[in-house]
Amino acid sequence: MIEAINLKSGMIFKKDGKLIRVLETNHHKPGKGNTVMQMKLNDVRSGSIVQTTMRPTEKVELAVVDKKKAQYLYRQDDIVYFMDLETYDQYELAATAITEESKYLLPNMDVQLNFCDNELIGVDLPTTVDLKVAETEPNIKGATAANGGKPATMETGLVVTVPDFIEKGEVLTINTANGAYKQRAN
């Protein structure tokens, strides 16, 4: 058991038979009344997101999450397929369970699968991925990185703000935590 004040983004706990992932936490002390934890939570199974408050001393049961190295294979209809790199077992996951992560997935990419009680509940991505620019505005002569930037659509459909000198077809390193452009890939 863990107190709500100790919950951090990314942690998963059990409550009322549901697996809940913490997306955001904020320790809030109103002018009057007791301190509360404002939280943005995600039901792992249904995908629903809810904003709620908890008392800092309220206890929840942390879920035991096992991780396995795997490789993303492909997506067919609303199912995403992964393969365990040690046993070569294949795992299926509903695409709705990884809507944000799927914007970074390329075939044969190494990821970590998260299991709770032998149930596949999610995917951890590498910290950065290299994606090709599928579409962006033309290069502006004399553009530097200091200008505001322009939107670029990557090969997976992810839209990233990039410097004005980036052109279609370039491969860029993208941060998976916030979807921000880092650099040109080597």
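Please refer to the structure higher up on the page.
Keep in mind it's a predicted model, so treat the numbers as computed, not measured.

Caption draft 1: Highlighting the overall build of the protein. Regarding its fold elements, the protein presents zero helices and 16 strands. Taken along the three principal axes of its C-alpha coordinates, the protein extends 60 × 50 × 25 Å. For the protein, the proportion of contacts with a sequence separation of at least 24, taken over those separated by at least 6, is 42%. Split by element, the accessible area of the protein, about 11200 Å² in all, is 47% carbon and sulfur. Taking the average place of the 22 positive charges on the side chains of the protein and the average place of its 26 negative ones, the gap between the two points comes to 8 Å.

Caption draft 2: Structural detail: the nonpolar core. Core analysis: the biggest nonpolar cluster contains 28 residues, and F82, V111, L113, M154 and I174 have the highest contact counts within it. Setting aside residues up to four positions removed in sequence, L113 forms contacts with D66, K67, K68, A70, F82, Y91, L120, G122 and V123.

Caption draft 3: Representation of the sheet that holds strand 3 (residues 18-28) within the structure. Strand order in the open sheet formed by six strands is 1-6-2-3-4-5, with antiparallel pairing between adjacent strands. Unpaired on one side and paired on the other, strand 1 (2-3) and strand 5 (49-54) mark the two borders of the sheet. Summarising the sheet, strand 2 (residues 12-15) and strand 3 pair through four bridges and their orientation is antiparallel. Across the sheet, residue K14 finds its bridge partner in strand 3, namely L19.

Caption draft 4: Seen up close, the side chain of D43. Assignment of secondary structure puts D43 in strand 4 (residues 36-43). Here D43 occupies a buried position and makes no salt bridge, while the nearest side chain of opposite charge, K18, is found at 4.2 Å. Discounting residues that sit within four places of it in the chain, D43 has contacts with K18, L19, I20 and S48.

Caption draft 5: Here's a closer look at the sheet that holds strand 15 (residues 171-175). Read from one edge of the open sheet, five strands run 14-13-12-15-16, paired in antiparallel fashion. Looking at the sheet topology across the chains shown, the edges are occupied by strand 14 (159-162) and strand 16 (181-184). Direction aside, neighbouring strands of the sheet carry axes that sit 50° apart on average. When strand 12 (residues 128-136) meets strand 13 (residues 150-154), the two strands line up antiparallel, connected through three bridges.

Caption draft 6: The arrangement of the pairing of strand 6 (residues 59-62) in detail. Bridge count for strand 1 against strand 6 is two bridges, and the pairing is antiparallel. By the bridge assignment, E3 is partnered in strand 6 with K59.

Caption draft 7: Expanded view of the environment of A70. Mapped onto the elements of the fold, A70 is located in strand 7 (residues 66-76). On a C-alpha basis, the gap between A70 and V80 in space is 13 Å, while along the polypeptide they are ten residues apart. Non-local contacts of A70, meaning those with residues more than four positions away in its chain, are made with F82, M83, D84, L85, M109, D110, V111 and L113.

Caption draft 8: A look at the pairing of strand 16. Of the strand pairs in this sheet, strand 15 and strand 16 are connected by three bridges, and their pairing is antiparallel. Among the inter-strand pairings, I174 is bridged to a residue of strand 16, identified as Y181. Linkage of strand 15 to strand 16, two consecutive antiparallel strands, is achieved through a turn of five residues, within which G179 is found at a positive phi near 70°.

Caption draft 9: Up close: the packing of aromatic side chains. Tallying each qualifying case throughout the model produces three aromatic pairs. Pairing Y74 with Y81 gives two aromatic rings, centres 4.7 Å apart and planes at 25°, and the pair type is stacked. Take Y81: its relative accessible area is 13%, and that puts it in the buried class. For the cation-ring pair, K68 lies above F115, with the distance from its terminal atom to the ring centre recorded as 5.0 Å.

Caption draft 10: Structural context of the environment of I12. Within the secondary structure, I12 sits in strand 2. Residue I12 is classed as buried on the basis of its relative accessible area, which comes to 8%. As a C-alpha pair, I12 and T128 span 116 residues in sequence and 23 Å in three-dimensional space. When sequence neighbours within four positions are dropped, the list of residues in contact with I12 reads L19, I20, R21, L62, A63, V65 and I121.

Calculation criteria
- Residues numbered from 1 in each chain as written.
- Predicted model: local features only at pLDDT ≥ 70, side-chain atom pairs only at ≥ 80, totals over all residues.
- Heavy atoms only, no water.
- Helix = DSSP H or I, 4+ residues; strand = E, 2+ residues; numbered from the N terminus.
- Contact = heavy atoms within 4.5 Å.
- Areas by Shrake-Rupley, 256 points an atom, 1.4 Å probe, with all protein chains shown as cover.
- Lys, Arg positive; Asp, Glu negative; His and termini not counted.
- Charge placed at Lys NZ, Arg CZ, Asp CG, Glu CD.
- Core = buried A, V, L, I, M, F, W, Y, C linked by side-chain atoms within 4.5 Å.
- Buried < 20%, exposed > 50% of the residue type's maximum accessible area, 1.4 Å probe, protein only.
- Pairing = 2+ DSSP bridges.
- Salt bridge = Lys/Arg side-chain N within 4 Å of Asp/Glu carboxyl O.
- Axes fitted to C-alpha atoms, helices over the stretch in contact; angles between N-to-C directions.
- Phe/Tyr/Trp six-rings, centres within 6.5 Å; stacked < 30°, edge-to-face > 60°.
- Lys NZ or Arg CZ within 6 Å of the ring centre and 35° of its normal.

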